[in-house]
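Chain and residue survey
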Protein chains: 2
Amino acid sequence: MGERLVVIGGDAAGMSAASQARRRRGPDDLEIIAFERGHFTSYSACGIPYWVGGLVDGPDALVARDPQTFREKHAIDVRTRHEVTAVDLDRREVVTRDLDNGGTETRTGFDQLVYAIGAVPIKPAWPGADAQGVFGVQTLDDGQAVRDYIEKEKPRKGVVVGAGYIGVEMAEALQNHGLEVIVLERADQPMSTVDPDMGALVRTSMEKLGIVVHTGETVTALREADGKVVGVDTDNGHYRADIVVLGLGVRPNTQIAKEAGLPLGAGNAIVTDQRMRVVGHEGIWAAGDCVQTIHRLTHEPVHIPLGTHANKQGRVAGVNIGGGYATFPGVIGTAVTKVCDLEVARTGLREADAEKAGFAYITASVESTNRAGYFPGAKPMVVKLIAERVSGRLLGAQIVGRTEAAKRIDGLAIALWNGMTVEEMTGLDLGYAPPYAPVWDPILIAARKATEKLAQ
Amino acid sequence: MGERLVVIGGDAAGMSAASQARRRRGPDDLEIIAFERGHFTSYSACGIPYWVGGLVDGPDALVARDPQTFREKHAIDVRTRHEVTAVDLDRREVVTRDLDNGGTETRTGFDQLVYAIGAVPIKPAWPGADAQGVFGVQTLDDGQAVRDYIEKEKPRKGVVVGAGYIGVEMAEALQNHGLEVIVLERADQPMSTVDPDMGALVRTSMEKLGIVVHTGETVTALREADGKVVGVDTDNGHYRADIVVLGLGVRPNTQIAKEAGLPLGAGNAIVTDQRMRVVGHEGIWAAGDCVQTIHRLTHEPVHIPLGTHANKQGRVAGVNIGGGYATFPGVIGTAVTKVCDLEVARTGLREADAEKAGFAYITASVESTNRAGYFPGAKPMVVKLIAERVSGRLLGAQIVGRTEAAKRIDGLAIALWNGMTVEEMTGLDLGYAPPYAPVWDPILIAARKATEKLAQ
């Protein structure tokens, strides 16, 4: 009589879906089984670099809800250390292997399925890439592995490949352990998620803290000895390395989906509708780092794996499975990062994105302060706006500051989300008091400058 | 051939207008004379409590641009210590008194006039109200007077009448000087700019820091001895006081406008159009704490004297005087305040405002944290949303937190400005990283709760 929901992937997306479905449908109506390959459920993957760096406790502190709680309080049958190897859509079964019991295979039938096994770190097929001491950082188990390796091997030299979010966070984490750290980035700047002018600020900050940053340099091979990594070769030289962390981004974990015949789109991520139903497959849902979504400005499908989207998408899937109605409205590319002592934030399109999408645009950058200039703790912050020519519509925004800077991107993200023009933004009624802002908020100053540029 | 612009009032509104007009019209085309009663121009009145409390330097640090700079760099003829006593619209002249030269009266003709003499602290006609040691805090000269009195008289007991923004800030400032401070408030809570449930949090915070807060108590008289204030009588008792600070709000400084025949509206503030032209009077402009504006939610005229509005309105007037086109789009009641160790923020309507305006509404309050719960420095913050029934449109929002809380009101203010519903807000793409927010941002959690309440 009741249905069975099978969730594959026990982190943000999967367990949000399970929880929301459970809130709306009791155990008699909906049995829920969740398979998770690792040891943990519902954890903050974004917290891993801080845990590795010793700034926060872990792994338990990073877990929002553990398997036992799901089982006992929510009647969700979580089975950790179970890896899904196949989804059989014809028989509506998933095939799993019990990793702790010799890989025993089981088939489990489902009426509804949530596919939420996330993404996996990109690891090029370099010679030596499988040596010990080479780590991607995506799961709590990965984080534990890095910590164990540092403790056991006491590495002195660390190389981080890739200077995106994870790369810069992990560089800082390794430095916290006393390692000499080199970051190798193929692009011309670190943090290519922001424009080069903003990325240059990031580079300066990293270098000031003693992290060596090499850009425009491509890794060609890893060197190993006795099965352990000992160095990195690039098109420009060789670096000794006792540990290598990969920050080259992730790819959606969709091999199983592909084999099952589910539709893949941007970057091989799964294609869903706005309710997170896999297109063309009734009763099959997907959410999190393994799905594509729509960018609200370009209307193009994009693959942006972030915990905040995963949680929302999982919730949307769960509400719909539970008989409610919810949609995921797409993304605008908002992201914030702590890079050493800098706060870096972005939303919308970078200049390169705007060009690629065919927008004509102007940019305006202003340097202001987080607090009134005379107030203790006032620190410089740079706000950059990108606005469409003629219409004046905000297309993108970036912030680099010291403190109380990054989250100001939210106001800009909400303005952008609503299609505001920079001229309209000059009149916004924002909060002002000397401890929190200059009387002309940095956002307003930037909007004024952009408005003036549009008029030229 | 050229025109003459006379500006009365040399603070934010007046000097913004003068500066913007100058940017667009050179000295040959537009002569600009600005009269200011006090010693200072373009200063941060909002910084005065922090200066009095010794947290920031002053008075010069609070001055954005001094008279000499205006004269030399901007060809704006600033005449400080000149009090305007009348505006003669028939002859298009202002009458001023030179306070440093025996009050010599002068008449100065104008083609265009900016009326920007702000607001004056409300001082009831209590017996003893004119004793020495009783202060309003509106101008830098007021701030200097308070500082001088503290230094000279070494008061030990301070009474602050009124627990609004200025009251709570001045209570803290007096306490910084080692005074025992009592705050007397007629309403049932301090900070009645937020709802009572949020005001209760403010009260607790003030009391924890040793400030005595008496609510529901009305001052009836001040006591004096030898011309100096020595106590405060209320309908409930008597309090010794060596200094009394009034935080009862301000009234627009519009007696001169009234006598000149300019139209007064909400709270006797001057009525302007969206370009800041005084309605019915060509060439007469007004801006800042002396004008009314329109609340974008209720469409009612309101008098909300705040530096941020004054700056914007002055700029708008100046752009228009300069031959450009700009409008002031009205306000939504955004404000942020530091109250002891709390950050307090609001936008839109309080519950009482919503009721008065005839809205049916729901409220949702959530307690979350400014950072991921496991991240060092995570502190509790409460977010309250008020949303219209049926439509779900956001009507108001309030935040009380410890750090990194107040300015989050901006995102809510921008959502409200754009007429977003709380359901739409649940999908907003906000910045997430553990140092800056939980994975479900407090704003999103509040929006979810409000959405659920609407569905009940």
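Quantities reported herein were computed from a predicted structural model and do not represent experimental measurements.

It is worth spelling out the sheet that holds strand S14 (residues 228–234) of chain B at this point. Residue and element names in this part refer to chain B. With antiparallel pairing, the three strands of this open sheet are ordered in space as S13-S14-S15. Looking at which strands have only one partner, the edges of the open sheet turn out to be strand S13 (219–225) and strand S15 (237–240). Within this sheet the neighbouring strands show an average axis-to-axis angle of 25 degrees, counted without direction. Sheet analysis places S14 next to S15, joined by four bridges and oriented antiparallel. Bridge pairing in S15 places Val 232 opposite Tyr 239.

Opposite the 58 residues of chain B that make contact, chain A presents 58 residues. Summed over both partners, the interface of chain B with chain A comes to about 5300 Å²; 63% of that surface belongs to carbon and sulfur atoms. When the buried surface of chain B facing chain A is broken down by residue, B:Tyr374, B:Asp429 and B:Tyr436 rank first, second and third, together holding 15% of it. Where chain B meets chain A, there are four salt bridges. Measuring nitrogen to oxygen at the nearest pair gives 3.5 Å for the salt bridge that ties A:Arg23 to B:Glu452. At the surface where chain B touches chain A, the tally comes to 21 residue pairs in polar contact (both at pLDDT 80 or more). Elements supplying a minimum of two residues to the side of chain B that touches chain A: helix H1 (12–24), helix H8 (307–321), strand S21 (335–339), strand S22 (342–348), helix H10 (409–417) and helix H12 (442–455) of chain B.

After a rotation of 180 degrees and a shift along the axis of 0.0 Å, chain B superposes on chain A with an RMSD of 0.0 Å. What we have between these two chains is a two-fold relation. Minimal C-alpha distance to the rotation axis in chain B is attained by B:Gly411, lying at 2.1 Å. Take the interface residues of chain B: 100% of them recur as interface residues in chain A, which is what a same-surface contact looks like.

A few words on the UniProt feature "domain: FAD/NAD(P)-binding" (unreviewed entry) in chain A. As annotated in UniProt, the feature "domain: FAD/NAD(P)-binding" (unreviewed entry) corresponds to residues 4–298 of chain A in the numbering used here. Counted over residues 4–298 of chain A, helix gives 24% and strand 31%. Its end C-alpha atoms are 38 Å apart.

With that settled, consider the UniProt feature "domain: Pyridine nucleotide-disulphide oxidoreductase dimerisation" (unreviewed entry) in chain A. In the numbering used here, UniProt assigns the "domain: Pyridine nucleotide-disulphide oxidoreductase dimerisation" (unreviewed entry) feature to residues 336–438 of chain A. The annotated region residues 336–438 of chain A carries 18% helix and 36% strand content, and the separation between its end C-alpha atoms amounts to 22 Å.

A word on the pairing of strand S25 (residues 394–401) of chain A. Residues and elements named next belong to chain A. The element S25 is extensively covered by neighbouring structure, given that eight of its eight residues are classed as buried. Across six bridges, the pairing between strand S22 (residues 342–348) and S25 is antiparallel. Bridging from a neighbouring strand, Val 344 pairs with Val 400 of S25. Sheet topology places strand S24 (residues 380–388) next to S25; seven bridges connect them, and they run antiparallel. Residue pairing in the sheet places Ile 386 in a bridge with Gly 396 of S25. Counted between consecutive antiparallel strands, the loop separating S24 from S25 contains five residues, among which Val 390 sits at a positive phi close to 70 degrees.

For the rest of this paragraph, the subject is unusual backbone geometry. Here the bond from A:Gly58 into A:Pro59 is cis, since omega is -5 degrees, no more than 30 degrees from zero. Take A:Pro59: it is sitting in the loop between helix H2 (48–52) and helix H3 (67–74). Unlike most non-glycine residues, A:Cys340 shows phi in positive territory, near 55 degrees. Using a relative accessible area of 4% as the deciding quantity, one classes A:Cys340 as buried. Even without a glycine there, the phi angle at B:Arg81 is positive, about 60 degrees. Secondary-structure assignment places B:Arg81 in the loop between strand S3 (76–80) and strand S4 (82–88).

Time to look at the environment of A:Arg156. Residues and elements named next belong to chain A. Turning to its location among the elements, Arg 156 is positioned in the loop between helix H4 (140–153) and strand S10 (157–161). Arg 156 sits in the exposed class, given a relative accessible area of 57%. For the pair Arg 156 and Ile 243, spaced 87 residues apart in sequence, the C-alpha to C-alpha distance is 8.2 Å. Beyond its immediate sequence surroundings of up to four residues, Arg 156 is in contact with Leu 179, Glu 180, Arg 240 and Asp 242.

Take the sheet that holds S25(A) next. Residues and elements named next belong to chain A. Spatial strand order, S21-S22-S25-S24-S23: five strands in an open sheet with antiparallel pairing. The open sheet has two edge strands, strand S21 (335–339) and strand S23 (361–369), and neither has a second partner. Neighbour-to-neighbour, the strand axes of this sheet turn through a mean angle of 10 degrees, independent of strand direction. Across the sheet, helix H5 (residues 165–176) touches S21 and S22, and the angle it forms with S21 is around 25 degrees. Of the strands in this sheet, S21, S22, S24 and S25 are in contact with helix H10 (residues 409–417), which crosses S25 at around 180 degrees.

Rules used in this analysis
- Residues numbered from 1 in each chain as written.
- Chains lettered and ligands numbered in written order.
- Predicted model: local features only at pLDDT ≥ 70, side-chain atom pairs only at ≥ 80, totals over all residues.
- Heavy atoms only, no water.
- Pairing = 2+ DSSP bridges.
- Helix = DSSP H or I, 4+ residues; strand = E, 2+ residues; numbered from the N terminus.
- Axes fitted to C-alpha atoms, helices over the stretch in contact; angles between N-to-C directions.
- Contact = heavy atoms within 4.5 Å.
- Buried area = accessible area lost by both parts, 1.4 Å probe.
- Salt bridge = Lys/Arg side-chain N within 4 Å of Asp/Glu carboxyl O.
- Polar contact = N/O pair within 3.5 Å; in protein donor to acceptor, adjacent residues only side chain to side chain.
- Least-squares fit on C-alpha atoms with pLDDT ≥ 70 in both.
- UniProt positions renumbered as here; feature names shortened; annotations may be inferred.
- Buried < 20%, exposed > 50% of the residue type's maximum accessible area, 1.4 Å probe, protein only.

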